[in-house]
Each structure stands twice: as C-alpha cells, then as structure tokens.
Amino acid sequence: MSEGAESAALAELAKRRGFFFGSSEAYGGVGGFYTYGPQGAALKSNVEEAWRDRFAVQEGNLEIEAPTIMPEPVFEASGHLDGFDDMLVECAECGESHRADHLIEDNSPLEDAETLSPEEAAEKISDLGLVCPNCGAELAGQSVEEFNLMFATNIGPGSKSPGYLRPETAQGIFVEFPRIKEYARNRLPFGVTQIGRAYRNEISPRKNIVRTREFTQAELEQFIDPERDEPDLSSVEDIEVRLYPATEQQADDGDYVDTTIGDAVEEGIVANGWIGYFLGIAQEWYEDVGVDMERFRFRQHLPGELAHYAADCWDAESEVDGDWIEIAGFAYRGDYDLSKHAEHADDDFTVFQQYDEPKTVERAVVDPDMATLGPEFGAQAGDVADALETLAQRDPDAFDADEVTLDIDGEEVTVDTDVANFAVETQTEAGEHITPHVVEPSFGVDRTVYTLLAHAYERDEVDGEDRTFLSLSPTVAPTNVGVFPLVSNVDELVELADDVAEELRAAGFAVVYDDSGSIGRRYRRQDEVGTPFCVTIDRDGIESEGDTTVTIRERDSGRQVRVPVDDLVETFVGLRAGTTSFDDVLDANEVVEA
Ligand code: GAP
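Residues numbered from 1 in each chain as written. Predicted model: local features only at pLDDT ≥ 70, side-chain atom pairs only at ≥ 80, totals over all residues. Heavy atoms only, no water.

Colleague: Even after reading the chapter, I still don't get the overall build of the protein, so can you show me in this structure?
Modeller: Helices and strands together make up the secondary structure of the protein, namely 21 helices and 29 strands. On the principal axes, the C-alpha backbone points of the protein span a range of 105 × 65 × 55 Å. Looking at the protein alone, contacts between residues at least 24 apart form 66% of all its contacts between residues at least 6 apart. When the accessible surface of the protein is totalled, it reaches about 28400 Å², and 43% of it is carbon and sulfur. In the protein, 44 positive and 130 negative side-chain charges are present, and the distance between their average locations comes to 9 Å. (Helix = DSSP H or I, 4+ residues; strand = E, 2+ residues; numbered from the N terminus. Contact = heavy atoms within 4.5 Å. Areas by Shrake-Rupley, 256 points an atom, 1.4 Å probe, with all protein chains shown as cover. Lys, Arg positive; Asp, Glu negative; His and termini not counted. Charge placed at Lys NZ, Arg CZ, Asp CG, Glu CD.)

Quick look at the structure:
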C-alpha cells in the first residue's frame, strides 16, 4: 500500500466497524481525544490483559492503581513542571500551533530535531523556508518557545491546591514507594506495574490514536540495587533482536545490528543487563500479540533526545506507512525519581540492604557540649550542633585544628573544637540504606493497538470478490468466535447454534452470533474485525450418523474442518492460547474441501 494509504484505510475501517473514532464529534470534536468503540475497547482490553499476564503475573511483580490527578509538589519534585516541554512555533497569520521539531523532521532529512535548542530550531525553520501547514504562511522569523505539556487543574474549590493530570503512570508508583516497599518486604529487586491513563497537552496531536492528549500506558518500574542485582538472562539470551544503536544512527553508513540479547549485553551494545532482559521479553511479547517483526526494531536514544530522568533509553519502534512510531521506551532512570521525591517529600524512599557479613567501620562522631553552645549561640545552638555533625562526616580532619568555622544561615561562626567532643569510633554495621535504581519498560497501549491493526490489515480476493481482513492474533482479537446457523429458518440448527454460542461464552470466549445474510457475507463481516474463527452449524452435522459435528473456518486461509461439537471448547482453548495450531485441528479431523 502507498505511503499514508495504510493509515487512511485503517482510520476508515476503525470508524466504520467500531474500533476507534474522534470523541465528542456531536459537538464538533476535540483534537487528541479518541473513543474506542466496541471492537476497539475489546481489542485494547485484551492487549492490556496480555501485557498484565506477561509483565506483572509471569514476572511475579506487584500491580497497583493510583489516581490520575496528583498534587503540584509531586511534579515539582519529579521535574515535570520544569522540564516536560515540547517546542512550539505559532503561525503569525492563522494562529495555528505546531511542534517545531516535527515540522523540521517532516521537511528535512534531520531525524532528531528534538535535540535542537529553541533558538536552533527557529533558525532551522528559517533556513528551510518552512511554511505553516495550515495556511501556507511563512514561519521564518517566528520564535520557538518551550511549551509545558502538563494539564493543570485545581483540587477542590478555589486555587489553593493546584493539581495536575499525571503525564506518566510512573509517578503514581514512585510516590507510593515508601508503602509499596513494605509489601515487597523491603527486599530488592522487585517490580511494580501499573496500567492506566496518562495525559499530555500535546501541541499537535496526530495520526489518530498514535499521538493523543489522553492515552493509556502500561508501565513497569523495576527497583534494583545497582551494586548487587543482576537479571537472570538465561531465559532471554538467545532471543534475536534488531537493534539500532545511537552510534549507528550517527554514522554515515550506519546500519541495524541483528544480534541476540546475550551478545548485545556481553558486547556492551546494550549497556545494562536489565534493559537487555526487558528488550528480550518485550520482543517475544510483541511477536505473541501480533506485531510484524519485519516492521519492528529497538532504537537507542541519541544523547540529546534523553528525557530529563533517563541515563540510557531504547525505544521499541514499529513501522507504519513508512514512518517509525515509538511504541515503548526502556529507560534506565537511575535513582533520579526516588532521590527527588526523598528531597521534596517527608518520607523514606530508601531500602535497608543487609551486608552479606557485618562490616566494621570507623565513624567520625561529635557530641557537642550544649551547656557551652547554649549560652554562646542562643537560638542558633541547635543549628551549630547540626553543622558540627555534618562537618564531622564531610571533613573529619577539620577537627585537628583548635577551632572550626561554620556557616549558619549564611553567617560565619567560629567554634572551639573542644566543645564538639570529636572522636573516631569503631562501629559494626549490619547494612546500609540505599536509594534503589529504577529500570523502566514503558509501553503505550494505544500505539500497540494501532500497530496491531496496521500490521494485521490485509486484502485479498475470495471467490472473485475483494476481501479486507484483519489477521489479528487469537490472543487479542476482539471476538474469538463467530457462530452461525447456516440457515435461520430451521429450528434444530438455530437451537444448536444458540447452545454452541452459550457454551463458548460460558467458557470465557467472546462470541458473535450472526444469522443474517449469506454465509459469505457473515464471514466477511467477521474477517473485517479480525475474528480468527467462525463456526457454522449445518444439517449434515446434525443428521450424519455418530457425533454431531460443526465446521470451523479459519479467517486467514479460509480453510474449513468438521469437528465434533463436544470438542469445540477444548479446540478453541488451544487455538486461542497458541498451544494448538489450525493445522493440528485439520490433522485430527475431517477437512472440508472448499
Ligand atoms: N514513564 C516513561 C514515559 O512516559 P514516554 O516515552 O514519554 O516515557 C512511554 O512514554 C510510551 O507512552 C511511549 O513509548 C508511547 O508509546 C506512549 N505515549 C507517549 N506519549 C503519547 C501520546 N501523546 N499519545 C499516545 N501514546 C503516547
């Protein structure tokens, strides 16, 4: 399909068949907000469930659900109020806002315009002679400003308590760390997941659900002791991945590195073992849910592209319409978040790590003589005692002199060292408090849904007619099985079809019952929404000797097989889980020739 055509065809299908559409259209619509229709809501929920199973349940992690609105101090601490900006350029003619870096990337070979400063971006816009995509007016000479993406609100009446809609679910996890660590019994490493809404006041939302102002993230915060905790790579080391490291992106003849997770970590292409581990399981998960791995890669962030909290980051990217879309980020956040919250909040964001063996250490201590400090310094005596304590930790040699100079609230004071009662004591320590580091796989659920739909969108010809179908994986398809009585005016067929639908629903399958129109049209309807299998109930199956049988038709190939009705649930359990293939079902039963 030509560039852009894939997205356009998908958007049309998505709206017509109820995957997603612009929200509040009855009121003229609002940019960057989408509603998932019945098909889309089911698909998205299945994607979330598959993610939860792989990244929370299978990994033995803890899942939480925090509020989406948080008070201002959270985001002062996290750095989002200061640093969570995009570059905005406004058209002087029509007033339309544009993201400066996207305009530059769309109109030049530059792929990392995000790394430019606002001044450099403004210069680039002038040099390239860029015009407003809305009205065509020249943008040269327009200034480029930093625009903060946070949605602000007030908590309760008045403006005393400003709050913000969270721009990432992660902050809900970091802020609750002092409590969550107790549930993890204070033992590192442990992981905490959250699936939920995040909000960003994007300057120019685009590509329907790819860049929206309200979206769903599935995030995992893995808390580790960087000195001690190593991931077990044995289960992922042989997984093959396509990597696009920063050095290759910067080289003139840079190329992908096709390698395994084991080699990538060993050779330092992926510097952190934990990131390597998560790239491995993500690669497998994306494949399981139906991403076309020929249109998938992991790309490392360029230095200027890193978020304010990240020391290293790899993105999972999928290709749609010739563009690469970031669908997940895998960031090494270090101790940035927990340290910042420890600075700003009144709680303990550390974990006590027991040493393997108790350690004997020498500690500089002071025991200030308050009977002397009190009369001399009055109300400042406590601060002077604290300053002596701090100095003993920082510079014990200072106590070799007769007196020390301290800074008390900007004022220099001199204290006799005798008063400090300085000593070096030998102490036995069982462990230490450390601030855990964080490794974060952060998945965009909407972008995953979009990729799955785009990669599943196919066209072929059946019985001389054009067919559109979605080759969605049975794990995530919104409907698992279509059930059709071949004709709707034969009671026995309708009754059996009702029973089959009911039994499959009772076993947990999403079933669509359809008795209207020709069987071909019913198949086409299900093909278009990605239903992987349809069951047809006909006279032959009821009237033949032996077991009552029905036919199962596979969506992609159109192949059909006659199966005893009593085997249906078991067959579909295997097909949905991927433990049985349709070929296995064909081998074990009577194939129906087309
Ligand atoms: N906690 C880390 C974090 O939020 P991010 O790269 O800004 O990192 C993670 O976002 C993922 O969230 C992205 O890879 C993308 O899939 C999704 N995402 C971010 N902004 C989005 C938007 N405006 N619309 C839809 N999805 C978005």
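After that view of the structure, there is still more to cover.
Colleague: Help me understand the packing of aromatic side chains, please; the structure alone is not making it clear to me.
Modeller: The way to describe two aromatic rings as a pair is by their centre distance and the angle between their planes. If you walk through the whole model with that rule in mind, you get 26 aromatic pairs. Relative to Phe223, the ring of Phe174 lies with its centre 6.3 Å away and its plane at 80°, an arrangement referred to as edge-to-face. Here Phe223 lies in strand S11 (residues 214-224) and Phe174 lies in helix H7 (residues 170-175), a separation of 49 residues in the sequence. Given the relative accessible area of 0%, Phe174 is considered buried. Phe223 sits in the buried class, given a relative accessible area of 1%. Pairing Phe177 with Phe190 gives two aromatic rings, centres 5.9 Å apart and planes at 10°, and the pair type is stacked. Placement of Phe177 in helix H8 (residues 177-183) and of Phe190 in strand S10 (residues 190-199) is noted, with a sequence separation of 13 residues between them. For the pair formed by Phe177 and Phe190, the shared burial category is buried. Among the aromatic residues, those joined into a ring-pair cluster are Trp51, Phe55, Trp285, Tyr286, Phe296, Phe298, Phe330 and Phe443. (Phe/Tyr/Trp six-rings, centres within 6.5 Å; stacked < 30°, edge-to-face > 60°. Buried < 20%, exposed > 50% of the residue type's maximum accessible area, 1.4 Å probe, protein only.)

Colleague: I'm lost on the pattern of salt bridges in this one. Help?
Modeller: Two side chains carrying opposite charge are able to pair once their charged atoms lie near each other. Tallying each qualifying case throughout the model produces 36 salt bridges. One salt bridge connects Glu48 with Lys44, and the closest N-O pair in it is separated by 3.1 Å. One end of the pair is Glu48 and the other is Lys44, both in helix H2 (residues 38-57) and four residues apart, which spans about a single turn. On the accessibility criterion, Glu48 (17% relative accessible area) is buried. Under the relative-accessibility criterion, Lys44 is labelled buried at 8%. The partner of Arg206 in a salt bridge is Asp106, with the nearest N and O atoms 3.0 Å apart. Placement of the pair is Arg206 in the loop between S10 and S11 and Asp106 in helix H5 (residues 100-106), with a sequence separation of 100 residues. (Salt bridge = Lys/Arg side-chain N within 4 Å of Asp/Glu carboxyl O.)

Colleague: How should I be thinking about the site of the ligand in this particular structure?
Modeller: In the vicinity of the ligand there are 19 residues, among which Glu168, Glu202, Thr212, Glu219 and Glu326 approach most closely. Between the ligand and Arg200 there is a distance of 2.8 Å, counted from an oxygen atom to a side-chain nitrogen or oxygen. Contact between the ligand and Ile327: an oxygen atom at 3.1 Å from a main-chain N or O atom of the residue. In isolation the ligand offers 550 Å² of accessible surface; the protein chains occlude 92% of this area. (Near = heavy atom within 4 Å. Polar contact = N/O pair within 3.5 Å; in protein donor to acceptor, adjacent residues only side chain to side chain.)

Colleague: I'm lost on the nonpolar core in this one. Help?
Modeller: Residues Leu279, Trp285, Tyr286, Phe298, Phe330, Phe443 and Leu453 are the most contacted members of the largest nonpolar core, which totals 64 residues. Of the residues forming this core, the biggest block, ten residues, is contributed by helix H11 (residues 273-289). Among the nonpolar cores identified, the runner-up in size contains 25 residues, and Leu496, Ile537, Val550 and Val585 belong to it. (Core = buried A, V, L, I, M, F, W, Y, C linked by side-chain atoms within 4.5 Å.)

Colleague: What's the story with the sheet that holds strand S24 (residues 481-485) in this structure? I'm lost.
Modeller: Pairing between sheet strands relies on hydrogen bonds along the backbone, with the strands arranged either parallel or antiparallel. Pairing in this open sheet of six strands is mixed, and the strands run S25-S24-S26-S27-S28-S29 from one edge to the other. Looking along the sheet, the strands with just one partner apiece sit at the ends: strand S25 (511-513) and strand S29 (590-592). The mean angle between the axes of side-by-side strands here comes to 30°, regardless of whether they run parallel or antiparallel. Sheet topology places strand S28 (residues 560-564) next to S29; three bridges connect them, and they run antiparallel. Paired with Val561 across the bridge in S29 is Val591. In the packing of helix H18 (residues 519-528) onto the sheet, the strands contacted are S24, S25, strand S26 (533-537), strand S27 (549-554) and S28, and the crossing angle to S24 comes to about 165°. (Pairing = 2+ DSSP bridges. Axes fitted to C-alpha atoms, helices over the stretch in contact; angles between N-to-C directions.)

Colleague: I would appreciate a short explanation of helix H13 (residues 370-377) in the present structure.
Modeller: The periodicity of an α-helix, 3.6 residues per turn, causes residues three or four positions apart to be oriented the same way. Residue Asp369 occupies the N-cap position of H13, its side-chain oxygen lying 3.1 Å from the main-chain nitrogen of Ala371. Among the residues trailing H13, Gly378 stands out with phi positive, at a value near 55°.

Colleague: Please clarify how the sheet that holds strand S7 (residues 144-148) should be interpreted in this entry.
Modeller: Read from one edge of the open sheet, three strands run S6-S5-S7, paired in antiparallel fashion. At either margin of the open sheet sits one strand with a lone partner, and together these are strand S6 (97-99) and S7. Across the sheet, the mean angle from the axis of one strand to that of its neighbour is 45°, orientation sign disregarded. As paired strands, strand S5 (residues 85-90) and S7 are joined by five bridges and run antiparallel to one another.

Colleague: Explain the environment of Ile537 here, please?
Modeller: For Ile537, the location among the structural elements is in strand S26. Each C-alpha atom, one on Ile537 and one on Glu495, is 9.8 Å from the other, the two residues being 42 residues apart in sequence. Sequence-distant contacts of Ile537, that is, excluding residues within four places in its chain, are made with Val483, Phe484, Pro485, Leu486, Leu493, Leu496, Ala497, Val500, Ile542 and Val550.

Colleague: Would you take a moment to explain the side chain of Lys181 for this structure?
Modeller: Note that Lys181 resides in helix H8. When sequence neighbours within four positions are dropped, the list of residues in contact with Lys181 reads Asn186, Phe190, Asp348, Thr350 and Val351.

Colleague: Teacher, can you tell me more about a negative patch on the surface here?
Modeller: On the surface, Asp491, Glu492, Glu495, Asp498, Asp499, Glu502, Glu503, Asp515, Asp547, Asp566, Asp567 and Glu570 cluster together to form a negatively charged patch. In terms of residues, the negative patch owes the most to one element, helix H17 (residues 491-506), which gives seven residues. Tracing the backbone through its elements, the reader meets Asp566 in the loop between S28 and helix H20 (568-577). On the basis of relative accessible area, Asp566 is assigned to the exposed category, the value being 69%. (Patch = residues over 30% accessible without salt bridge, like charges linked within 9 Å, V, L, I, M, F, W, Y side chains within 5 Å.)

Any functional reading would require information that these geometric values do not contain.
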